[in-house]
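# Chains, contacts and geometry: an overview
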Amino acid sequence: MPELPEVETVRRGLQPAMEGSRIVKAEARRKDLRFPFQKDFIARLEGQTVTGLGRRAKYLMADLTSGDVLLMHLGMSGSFRVHKEEGDATQGQFHHPRSEDRAHDHVVFHMSSGAAVVFNDPRRFGYMKIIARNALEDEPLLKGLGPEPLGNEFDAAMLARACHNKKTSLKAALLDQRVVAGLGNIYVCEALFRAHLSPRRLAATLATGKAEPTNHSTHLVDAIHSVLNQAIKAGGSSISDHRLTNGDLGYFQHSFQVYDREGEPCRTRGCGGTVKRFTQNGRSTFWCPKCQK
DNA sequence: CCGCGGGCCTGAGAGC
DNA sequence: TGCTCTCAGGCCCGCG
């Protein structure tokens, strides 16, 4: 589910509840999410203060005073809510507005701020892992990640270099977290539409034979920047699971130009085409064949 | 090494 | 109403 804008929205929502606060009590209500929890998962969290909450690609990273980092991934259906703790945090009581949500509340952090931070994930493709900060660069989950799409290193020349030897489609290349880290199916479709580039185009056509960027690469980087920035401003896209940490909906789904719009008219002025859908690498691609070349 | 397809899970929605 | 089938925002793994 969550791509970079949704994860960034969650990060900003969790920050006031977690940053500068101590984890008074932590609960893992089952033995695993996507992977089993580490044996010492709870022990390495309780008593620690969260000194900072960051994001890398689609990972949330909480820095702890112990020198550990808590790595969190939302998978397809993971979400966080912040609830107000009722009474003593060590009692593990908090007000929960909708009881049906509770079935998949798998992890709870009771914070000294008075907040209960609850991780819910029906499909359990999400996971949490604690890593020593000085071992971060060796962490397999993070090792192959490409640049942040909103960071300084990501530009037309860099994207062209990453793509010029690729033997695959532009769509698949942008979904490859080694090329650029944080895009997913929605924002790849939307960025390609905004750049007027076909998802079927070969990734290598972003570069000349000498791996110099073409105009396509420049337009695509601009489109990625603008679609991500707009989506973050809108609180992400709420299709089914994604919510702000206070339970509100994101609203970028109302700005989709192609994603989930199969059969509907293309929104490019004067195009008159129809949004089409087909499957690429096992995922749905939405696009307008008339204005994406 | 690279690219692709399968699999991991649950739930929503369509069609019968 | 209820069953079956398809599909879903991600990513690891094994295969060729």
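Residues numbered from 1 in each chain as written. Chains lettered and ligands numbered in written order. Predicted model: local features only at pLDDT ≥ 70, side-chain atom pairs only at ≥ 80, totals over all residues. Heavy atoms only, no water.

Turning our attention to the sheet that holds strand β8 (residues 127-132). Taken in spatial order, the 4 strands line up as β2-β3-β4-β8 in an open sheet, and their pairing is antiparallel. Strands at the two margins of the open sheet, each flanked by one partner only, are β2 (50-56) and β8. Ignoring strand direction, the axes of neighbouring strands in this sheet form an average angle of 20°. In this sheet, strand β4 (residues 68-73) lies alongside strand β3 (residues 59-64) in antiparallel orientation, the contact comprising 5 bridges. Note that in β4 the partner of D63 across the bridge is V69. (Pairing = 2+ DSSP bridges. Helix = DSSP H or I, 4+ residues; strand = E, 2+ residues; numbered from the N terminus. Axes fitted to C-alpha atoms, helices over the stretch in contact; angles between N-to-C directions.)

Alignment of strand β9 (residues 276-280) against strand β10 (residues 283-287), held across 5 bridges, turns out to be antiparallel. Looking at β10, one finds that R277 is bridged to F286.

Each domain of chain A was delimited in the assignment, giving domain 1 (4-138) and domain 2 (156-287). The interface of domain 1 with domain 2 comprises 19 residues on the first partner and 18 residues on the second. Interface area, domain 1 with domain 2, both sides summed: about 1,500 Å², of which 62% is carbon and sulfur. Three residues stand out in domain 1 for area buried against domain 2, namely P5, E6 and T9, and they jointly supply 33% of the buried area on that side. The interface formed by domain 1 and domain 2 contains 6 residue pairs in polar contact (both at pLDDT 80 or more). Elements that contribute at least two residues to the side of domain 1 that touches domain 2 include exactly α1 (4-18) and β5 (79-84). Of the residues forming the side of domain 1 that touches domain 2, the biggest block, 9 residues, is contributed by α1. Tallied by class, the residues present in the side of domain 1 that touches domain 2 amount to 9 nonpolar, 4 polar and 6 charged. (Domains from an automatic or database assignment. Contact = heavy atoms within 4.5 Å. Buried area = accessible area lost by both parts, 1.4 Å probe. Polar contact = N/O pair within 3.5 Å; in protein donor to acceptor, adjacent residues only side chain to side chain. Nonpolar A, V, L, I, M, F, W, Y, C, P; charged D, E, K, R; others polar.)

Residues in contact with DNA strand B, as listed here, are R34, H104, P122, R123, R124, F125, K166, K167, T168, R178 and N281. If you look at DNA strand B and keep only atoms within 4 Å of the protein, 63% of those are sugar or phosphate atoms. Separating a phosphate oxygen of DNA strand B from a side-chain N or O atom of H104 is a distance of 2.7 Å. The separation between a sugar or linking oxygen of DNA strand B and a polar main-chain atom of P122 is 3.5 Å. Each residue belonging to the surface near DNA strand B can be placed in one class, and the counts come to 2 nonpolar, 3 polar and 6 charged. (Near = heavy atom within 4 Å.)

On to the nonpolar core, then. What tends to happen in soluble globular proteins is that the nonpolar side chains get buried as a cluster. Judged by nonpolar contacts, the single largest core of 40 residues is most densely connected at L159, L174, L183, Y187, L220 and I224. For this core, the elements supplying multiple residues, two or more each, are α3 (156-163), α4 (170-175), α5 (185-194) and α6 (215-233). The contacts of L183, once residues within four sequence positions are left out, are E3, K58, L174, L175, Q177, V188, I224 and L228. By size, the runner-up hydrophobic cluster in this structure holds 28 residues, among which are A62, V107, F109 and M128. (Core = buried A, V, L, I, M, F, W, Y, C linked by side-chain atoms within 4.5 Å. Buried < 20%, exposed > 50% of the residue type's maximum accessible area, 1.4 Å probe, protein only.)

Once that is clear, we can look at the sheet that holds strand β6 (residues 105-111). Read from one edge to the other, the open sheet built from 4 strands follows the order β1-β6-β7-β5, with strand pairing classed as antiparallel. On the outer flanks of this sheet lie β1 (23-28) and β5, each paired with one strand and no other. Adjacent strand axes in the sheet meet at a mean angle of 15° when their direction is disregarded. Sheet analysis places β6 next to strand β7 (residues 115-120), joined by 5 bridges and oriented antiparallel. Looking at β7, one finds that D105 is bridged to N120. Across the sheet, α1 is in contact with β5, β6 and β7; its angle to β5 comes to roughly 30°.

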